[in-house]
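A look at the structure
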Amino acid sequence: RNFMNRFLNILCILAISILPVKADIVVSNWDGYSAPDIMETFKEATGVNGEMAFHATNEEVMGKVTASGGKGYDVLFVSSPFAEALNKMGLLAEIDHAKIPNMKHFYKEAMNLDFDRGNQFQVPYAWGTTGLCYRSDLVSGTPSSWNDLLEPNDDIKGKITMLSTDRWLLAAGLLSLGYSVNETDPAKLNEAKEKLISAKKNLLAYDDTVFYTKLVTGEAAMAHAWDGWCNYATWENPDVKFVVPSEGSDLWIDTMVIMKASANKDEAHEFINYILDPAISTWTVENIMYKVPNVAAMTATSGMFEQFPNLGMSINELSQNETMKDVGSAAKLYAKTVSEILAD
């Protein structure tokens, strides 16, 4: 009997050892940018184990993966210029569309992005634009220009916040001067720098994270803001509105990429496909309050558009803004310029 028990135990061990085991994957995203239990529900749906890590900024995770040659992560959430830069460095895997059938839910425009035609190295997660988030009861009239932010009326001086992230801070200055959000001419960047330094005297703060609470309380009357984040303030105070200035703005795209060094590319594709499931994308719109390039999800959440009008921005309106792209070697100049603005 003891021999038979040992024999059965060995058979069980052998059986377990030859069963297919799904590999673990490591994903890095911004904290709060997906459901808190996303890795648990992903495992329930696919059998794939996963770990969610977090990065505070694009620059932070870029530093980590470039230092390691892309090792340590399978999937990254990064904004379009950073996805483009990682691809130029040879750190990204090619996207296998056959392994992401949920891409069928995309708007056609999401498959023809001008920095990655046909989605060769990235898959869009969310998209939107940047503009002026303001208290309609505290600002006289409707702001319509970047200069309403940078050269404000006396009644809102000292009640303005601006984003401090390199690309978006400089974009406000560049757009106010009629320049591209992807400008690389040092003279034009310097011109934008001088204008942004001049605007500092009218600011309450540089704020990339909780400016919406300042709007809700009335401490701030106007904020330089990403559209989705403005919705957080509107949710608490319907007097908070969002407008894209007449000079235009950027089209930002947050993407999902797979690292070339990943040993779990099939599982990484499974994760991206899961994220694009209409039910998961619908959760993103309802809870993150950002637009997604998923037709089914945007249709399912259309009832939110009256309360949050920028969610209902048409694809045509969104596409009129300039896609934010990698500026190559000028990225160092951007960083230097912004450090000078913030330090002055």
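Reading the values: rules and limits
Residues numbered from 1 in each chain as written. Predicted model: local features only at pLDDT ≥ 70, side-chain atom pairs only at ≥ 80, totals over all residues. Heavy atoms only, no water. Helix = DSSP H or I, 4+ residues; strand = E, 2+ residues; numbered from the N terminus. Buried < 20%, exposed > 50% of the residue type's maximum accessible area, 1.4 Å probe, protein only. Contact = heavy atoms within 4.5 Å. Areas by Shrake-Rupley, 256 points an atom, 1.4 Å probe, with all protein chains shown as cover. Lys, Arg positive; Asp, Glu negative; His and termini not counted. Charge placed at Lys NZ, Arg CZ, Asp CG, Glu CD. Core = buried A, V, L, I, M, F, W, Y, C linked by side-chain atoms within 4.5 Å. Salt bridge = Lys/Arg side-chain N within 4 Å of Asp/Glu carboxyl O. pLDDT = per-residue confidence, 0-100.

Of the regular secondary structure elements, the chain holds 14 helices and 12 strands. Its C-alpha atoms put the chain at 90 × 45 × 35 Å along the principal axes. Each of the 344 residues in the chain was classed as buried or not, and the buried ones make up 53%. Taking the contacts inside the chain whose residues are at least 6 apart along the sequence as the reference set, 73% of them involve residues at least 24 apart. Surface exposure of the chain reaches about 15200 Å², of which carbon and sulfur atoms provide 54%. Of the side chains in the chain, 28 bear a positive and 45 a negative charge, and the two mean positions are spaced by 5 Å.

In this structure, L76, L170, M256 and F271 are the most contacted members of the largest nonpolar core, which totals 112 residues. If we skip the residues at most four places from it in the chain, M256 touches V75, L76, F77, Q122, V123, P124, Y125, I272, I275 and L276.

Next up on the list: the pattern of salt bridges. A side chain with one charge may pair with a side chain of the opposite charge, provided their charged atoms come close. Applying the stated rule across the entire model yields 15 salt bridges. In this structure, K193 engages E340 in a salt bridge whose closest nitrogen and oxygen atoms are separated by 3.0 Å. You can see K193 sitting in helix α7 (residues 186-199) and its partner E340 sitting in helix α14 (residues 330-343), a full 147 residues away along the chain. The class for K193 is buried, based on a relative accessible area of 13%. On the basis of relative accessible area, E340 is assigned to the partly exposed category, the value being 28%. Salt-bridge contacts for K291 lead to D227; the nearest nitrogen and oxygen are separated by 2.7 Å. Here K291, found in the loop between α11 (278-288) and α12 (295-300), pairs with D227, found in helix α9 (residues 227-236); they are 64 residues apart in sequence, far enough to count as distant.

Low-pLDDT portions of the prediction should not be read for the details of their coordinates. Per-chain confidence: the chain averages 93 in pLDDT, with 93% of residues scoring 70 or above. Across residues 1-5, confidence stays below pLDDT 50; counting only partners more than four residues off in sequence or on other chains, it has 0 contacts. Confidence drops under a pLDDT of 50 for residues 10-21, and excluding neighbours within four residues, the segment shows 0 contacts in the predicted structure.

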